[in-house]
Amino acid sequence: LATHYAVHAATAQKILALAGRSEPQARDLFDLSLLLSRPDAVGLRLTGEQKRALPDAIEHASGISFDQYKSGVIAYLDPTQAALYQERTEFEALRQLVVSRLRALR
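Owing to the predicted nature of the structure, the values given are computational and were not obtained by experimental measurement.

Caption draft 1: Highlighting the overall build of the protein chain. For the protein chain, the count of helices and strands is six helices and zero strands. Walking the protein chain from its N terminus toward its C terminus, one meets helices and strands in the order α-α-α-α-α-α. On C-alpha atoms alone, the protein chain measures out to a radius of gyration of 13 Å, which is about the 13 Å that the 2.2 N^0.38 rule sets for 106 residues. Taking the principal axes of the C-alpha coordinates as reference, the protein chain spans close to 35 × 30 × 20 Å.

Caption draft 2: Inspection of the packing of helix α2 (residues 26-36) against helix α6 (residues 88-104) at higher detail. It is the contact of α2 with α6, at a shortest axis distance of 9 Å, that shows an interaxial angle of 70 degrees. Relative to α6, α2 is oriented roughly perpendicular. Every pair of crossing elements has a handedness; the one defined by α2 and α6 is left-handed. When α2 is examined against α6, the residues Leu29, Phe30, Leu32, Ser33 and Leu36 are found in contact with a partner set consisting of Phe91, Leu94, Arg95, Leu97, Val98 and Arg101. Taken together, the residues of the contact of α2 with α6 sort by class into eight nonpolar, one polar and two charged.

Caption draft 3: Molecular detail of the nonpolar core. Grouped together as the largest cluster of nonpolar side chains are 29 residues, with contacts concentrated most on Ile15, Leu18, Leu29, Leu46, Tyr69, Leu102 and Leu105. For this core, the secondary-structure elements that each account for two or more residues are α1 (2-20), α2, α3 (48-63), α4 (66-72) and α6. The contacts of Leu29, once residues within four sequence positions are left out, are Ala61, Ile64, Phe91, Leu94, Arg95 and Val98.

Caption draft 4: A look at the packing of aromatic side chains. Evaluated as defined, the whole model comprises five aromatic pairs. With 6.5 Å between their ring centres and 50 degrees between their planes, Phe30 and Tyr69 make a pair best called tilted. On the criterion of sequence distance, the pair formed by Phe30 in helix α2 and Tyr69 in helix α4 is long-range, its members being 39 residues apart. Of the two residues, Phe30 and Tyr69, both sit in the buried class.

Conventions adopted
- Residues numbered from 1 in each chain as written.
- Predicted model: local features only at pLDDT ≥ 70, side-chain atom pairs only at ≥ 80, totals over all residues.
- Heavy atoms only, no water.
- Helix = DSSP H or I, 4+ residues; strand = E, 2+ residues; numbered from the N terminus.
- Rg over C-alpha atoms; globule rule 2.2 N^0.38 Å.
- Axes fitted to C-alpha atoms, helices over the stretch in contact; angles between N-to-C directions.
- Parallel < 35°, antiparallel > 145°, perpendicular 65-115°, else oblique.
- Left-handed = near helix turned anticlockwise from the far one by under 90°.
- Contact = heavy atoms within 4.5 Å.
- Nonpolar A, V, L, I, M, F, W, Y, C, P; charged D, E, K, R; others polar.
- Core = buried A, V, L, I, M, F, W, Y, C linked by side-chain atoms within 4.5 Å.
- Buried < 20%, exposed > 50% of the residue type's maximum accessible area, 1.4 Å probe, protein only.
- Phe/Tyr/Trp six-rings, centres within 6.5 Å; stacked < 30°, edge-to-face > 60°.

In structure tokens:
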């Protein structure tokens, strides 16, 4: 049960971070993809403030480029893990997952 709430809190915090940064970070997109893919992320409920941040979070997530992702995420992963995430098609699927899940939270 505690893990369930921790995932919800971490996801909400990442949404606010992605929305609020003047320069969106690819690591926020990556972290959200991991958090939103977890089974215990189902049923996520956002506060009013978090819901108001969704349009900016969606816009920022949509605007993160593959190059930003490579330099801001892949460069910091263990090489064995990086191999799982380094293709452009993987990035585009990851970005689409986050954007569609964020849209569903509106």
